[in-house]
Amino acid sequence: MKEPAQRILELRTELDVHNYRYYVLDEPSVPDAEYDRLFRELQALEAEHPELVTPDSPTQRVGGEALNAFGSVRHEVPMLSLGNAFEEDDLRAFDRSVQNGLGLQGGDLFGAGAEIEYSCEPKLDGLAVSLLYRDGQLVRGATRGDGTTGEDISVNVRTIRNVPLRLQGSGWPDVLEVRGEVFMSRAGFERLNASQAEIGGKTFANPRNAAAGSLRQLDSKITASRPLEFCCYGLGQHSAEPAATQVGMLQRLKSWGVPISNELKLAKGIDDCLAYYRDIGERRMGLPYDIDGVVFKVNNIEDQQQLGFRARTPHWAIAHKFPAMEELTE
Ligand SMILES: NC(=O)n1nc(-c2ccco2)nc1N
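Sequence order as written defines the numbering, with residues in each chain counted from 1. Where local features are concerned, this predicted model is filtered to residues with pLDDT of at least 70; where side-chain atom pairs are given and counted, the filter is 80 or more; whole-chain, interface and lining totals use all residues. Values reported for side chains reflect all heavy atoms of the structure, with hydrogen atoms and water molecules removed beforehand.

Novice: When you look at the sheet that holds strand β10 (residues 291-298) in this model, what are you seeing that I'm missing?
Specialist: Strand pairing in a sheet relies on backbone hydrogen bonds. The paired strands run either parallel or antiparallel. Pairs of strands are assigned from DSSP output, requiring at least two bridges between the strands. Here a helix means four or more residues in a row that DSSP labels H or I, a strand means two or more in a row labelled E, and each is numbered from the N terminus. The strand order β2-β13-β10-β3-β9 describes an open sheet built from five strands, whose pairing is mixed. One side of each edge strand has no neighbouring strand; the edge strands of this open sheet are β2 (84-85) and β9 (265-268). Strand direction decides the pairing type here: β10 and strand β13 (residues 317-321), joined by five bridges, are antiparallel. For K297, the partnering residue across the bridge sits in β13 and is A317. In what follows, residue pairs with any heavy atoms lying within 4.5 Å of each other are defined as contacts. Axes here mean lines fitted to C-alpha atoms, for a helix over just the part in contact, with angles spanning 0 to 180 degrees between N-to-C directions. Strands β2, β3 (117-124), β10 and β13 of the sheet are contacted by helix α3 (residues 88-101), whose axis makes an angle of about 175° with β13.

Novice: Got a minute to help me understand the site of the ligand in this structure?
Specialist: Nearness is judged by heavy atoms alone; a residue qualifies as near a molecule or strand once a single heavy atom is within 4 Å of it. Lining the immediate environment of the ligand, one finds L80, L82, E121, P122, K123, L124, E181, Y233, V295 and K297. E181 places a polar side-chain atom, nitrogen or oxygen, 3.3 Å from a nitrogen atom of the ligand. Separating an oxygen atom of the ligand from a side-chain N or O atom of K297 is a distance of 3.0 Å. With the chains in place, 92% of the 350 Å² that the ligand exposes on its own is no longer accessible. In protein, a polar contact means a hydrogen-donor-capable atom and an acceptor-capable atom, both N or O and within 3.5 Å, with residues adjacent in sequence counting only if both atoms are side-chain atoms; elsewhere, any N or O pair within 3.5 Å suffices. Shrake-Rupley sampling with a 1.4 Å probe provides the accessible areas, and residues are treated as covered by the protein chains on show and by no other component.

Novice: Is there a simple way to explain the sheet that holds strand β7 (residues 175-184) in this structure?
Specialist: Strand order in the open sheet formed by four strands is β5-β4-β7-β8, with antiparallel pairing between adjacent strands. In this open sheet, the two strands that pair with only one neighbour each are β5 (137-143) and β8 (228-238). Taking the axes of each pair of neighbouring strands and ignoring which way they run, one obtains an average angle of 30° across the sheet. Sheet analysis places strand β4 (residues 127-134) next to β7, joined by eight bridges and oriented antiparallel. Bridge pairing in β7 links L131 to V178. In the packing of helix α6 (residues 207-215) onto the sheet, the strands contacted are β4, β7 and β8, and the crossing angle to β7 comes to about 125°.

Novice: What should I look at first to understand the nonpolar core in this one?
Specialist: Generally speaking, soluble globular proteins have nonpolar side chains that are buried together. V178, L215, F230 and L253 are the most contacted members of the largest nonpolar core, which totals 35 residues. Breaking this core down by element, the ones donating at least two residues are β4, β7, α5 (186-198), α6, β8 and α8 (246-255). Ignoring sequence-local partners within four residues, the contact set of L215 consists of L127, V129, I153, N156, V157, I160, V182, T223 and L228. Core analysis: the next-biggest nonpolar cluster, separate from the first, contains 29 residues, C120, L124, A267 and L287 among them. In these notes, a set of buried Ala, Val, Leu, Ile, Met, Phe, Trp, Tyr and Cys residues joined through side-chain atoms within 4.5 Å is what counts as a nonpolar core. Burial here depends on accessible area, computed with a 1.4 Å probe over protein chains only, as a share of the maximum for the residue type. Under 20% is buried, over 50% is exposed, and the range in between is partly exposed.

Novice: What's the story with the pairing of β13 in this structure? I'm lost.
Specialist: Side-chain direction in a regular strand flips from residue to residue, so the side chains alternate between the two faces of the sheet. With five of its five residues buried, β13 lies for the most part within the structure. Judged by which residues are buried, β13 turns out to be covered on both faces: A317, A319 and K321 on one side and I318 and H320 on the other are all buried. Across two bridges, the pairing between β2 and β13 is parallel. The partner of N84 across the bridge, within β13, is A319.

Novice: Just checking my understanding: could you explain the side chain of R140 for this structure?
Specialist: On the secondary structure map, R140 appears in strand β5. Despite its burial, R140 pairs with no opposite charge, the nearest such side chain being E177 at 4.8 Å. Residue contacts for R140: discarding those within four places in its chain leaves V73, S130, L131, L132, D152 and S154. Just so you know, the count uses Lys and Arg for positive and Asp and Glu for negative, and it drops His and the chain ends. Here, a salt bridge means any side-chain nitrogen of Lys or Arg that lies within 4 Å of a carboxyl oxygen of Asp or Glu.

Novice: Sorry, what's going on with α8 here?
Specialist: Three or four residues apart is the spacing at which side chains of an α-helix point the same way, because the helix has 3.6 residues per turn. Along α8, the positions that sit buried rather than exposed are Q246, V247, M249, L250 and L253. Taken around the axis of α8, the buried residues stretch over an arc of 165°, which confines them to a single face. Positive phi shows up at G257, right after α8, with a value of about 100°. Comment: arc refers to directions from the helix axis out to C-beta atoms.

Novice: What exactly am I supposed to notice about the side chain of D292 here?
Specialist: For D292, the position within the fold is in strand β10. For D292, the residues in contact, after removing those within four places along its chain, are K123, L124, D125, R284, K321 and F322.

Structural data, given as structure tokens:
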């Protein structure tokens, strides 16, 4: 019979791999029943040996008592909101401003100028959060708040099943602040409202409100019962650059167990961006989650830093919005 400590480590490692394959790669490695059996074996062993429990164990996702209030967190790197483009011309103007900012012949109404590489992804309509990892361990979660100061929701983010409690693989920096959107799928939103209606509880107007209301619960057991998901779209503070490009950085984060968008693409030039906008626009209602546009970011990280940001919005990123849904129903 194996030493309990050894068996506990084996089970944790195996459960982390199953979580990674299920939530990040979307390729489950075992049936749910097998996952549950391993999970219960770990719970039983930890109950017999409480001194062997560590915060990053998969059994530790739901915290203890409800909080009376959220602590506040200061964002070392401000959490920006995005500038918006509504029309094709706004997007072309953005591309020209990027080229001018990079000292390229910025193109003009007649010539396209240089071809800038952009990352492309859907703009999830959820709640922006920051997840801080130190030595690969999730140590803090915070809401965006006003961009400089957010709420400490560390206990709540740990209940989101696809948020890794510790990073997988190797080579991650000692300090890595991951940023992304917490959202609720439409199906999860419908299920939640149906069950809320049944118990006479609060129902929500849309998945974004449901995600915000579920995440900002003082009782993490309520958060744990809600179908929340996380999708990473960038970084905050970090002690080393994971990659030279936005797409490369996100792919590296994925290899460390952090979920990213499966619609992430690389565009070469603004015409490719427009093609992506039209493609996602056509598929928008078929996506399992609400989006309110797509996000283009200058792919080269050094170029992003050279461009910096104005007031509160980055010069290197733009949200290209779709018409609001209510307009569509007219
Ligand atoms: N909401 C969303 O999907 N976002 N938001 C950003 C963002 C906000 C500030 C910098 O980048 N990126 C993506 N994909």
